[in-house]
Amino acid sequence: MAEYEIECNECGWRGMGSALDKDTDKSSGKTLTFCPGCGSTDFESVTEKKQGESS
């Protein structure tokens, strides 16, 4: 398994999905995830990124 699971597209923070800040939207019941570095919600899987670069 990779050292990092996801990367923030805004600030470049890398970490595991479990490290993300989470909040539940009471109206929809959905769990929202935020980057602990900048608060962004724009993430990319590091595994998918590596596969795209090697193609």
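Being a predicted model, the structure only gives us computed values, none of them experimental. For every chain, the first residue of the written sequence is number 1, and numbering continues from 1 onward in sequence order. In keeping with the predicted nature of the model, local features appear solely for residues at pLDDT of at least 70, side-chain atom pairs appear and are counted solely at 80 or more, and the whole-chain, interface and lining totals rest on all residues. No hydrogens and no water enter the side-chain calculation; it runs on all heavy atoms of the structure.

**Student:** I tried to follow the overall build of the protein on my own but got confused; where do I start?
**Tutor:** Numbered from the N terminus, helices here are DSSP runs of H or I no shorter than four residues, and strands are runs of E no shorter than two. The secondary structure content of the protein amounts to one helix and five strands. Sequence-ordered secondary structure for the protein, helices as α and strands as β, is β-β-β-β-β-α. For the protein, buried positions account for 18% of its 55 residues. In this scheme, a residue with accessible area under 20% of its type's maximum is buried, one over 50% is exposed, and one in between is partly exposed, where area comes from a 1.4 Å probe on protein chains only.

**Student:** I'm lost on the nonpolar core in this one. Help?
**Tutor:** We define a nonpolar core as any set of buried Ala, Val, Leu, Ile, Met, Phe, Trp, Tyr and Cys residues linked to one another through side-chain atoms lying within 4.5 Å. By size, the foremost hydrophobic cluster in this structure holds five residues: Ile6, Cys8, Trp13, Leu20 and Cys35. For this analysis, residues touch if any pair of their heavy atoms sits within 4.5 Å. Those residues in contact with Trp13, other than ones at most four positions away along the chain, are Ile6, Glu7, Cys8, Ala19, Leu20, Cys35 and Pro36.

**Student:** Just to check I follow, could you spell out the confidence of the model for the protein for this structure?
**Tutor:** The predicted structure's coordinates, where accompanied by low pLDDT, should not be read in detail. Every residue gets a pLDDT, meaning the predictor's confidence in that residue, from 0 to 100. Looking at the protein as a whole, its pLDDT mean stands at 84, while 80% of the residues score no less than 70. Across the protein, the secondary-structure element scoring lowest on mean pLDDT is helix H1 (residues 46-54), at 64, and the one scoring highest is strand E1 (residues 6-8), at 94.

**Student:** When you look at the sheet that holds strand E5 (residues 43-45) in this model, what are you seeing that I'm missing?
**Tutor:** Paired through their backbone hydrogen bonds, the strands of a sheet run either parallel or antiparallel. In this description, strands pair whenever DSSP reports at least two bridges between them. With respect to topology, three strands assemble into an open sheet ordered E2-E1-E5, the strand pairing being antiparallel. Single-partner strands in this sheet number two, and they are strand E2 (14-15) and E5. In this structure, E1 lies alongside E2, joined through two bridges in antiparallel fashion. Residue pairing across strands places Ile6 opposite Gly15, the latter belonging to E2.

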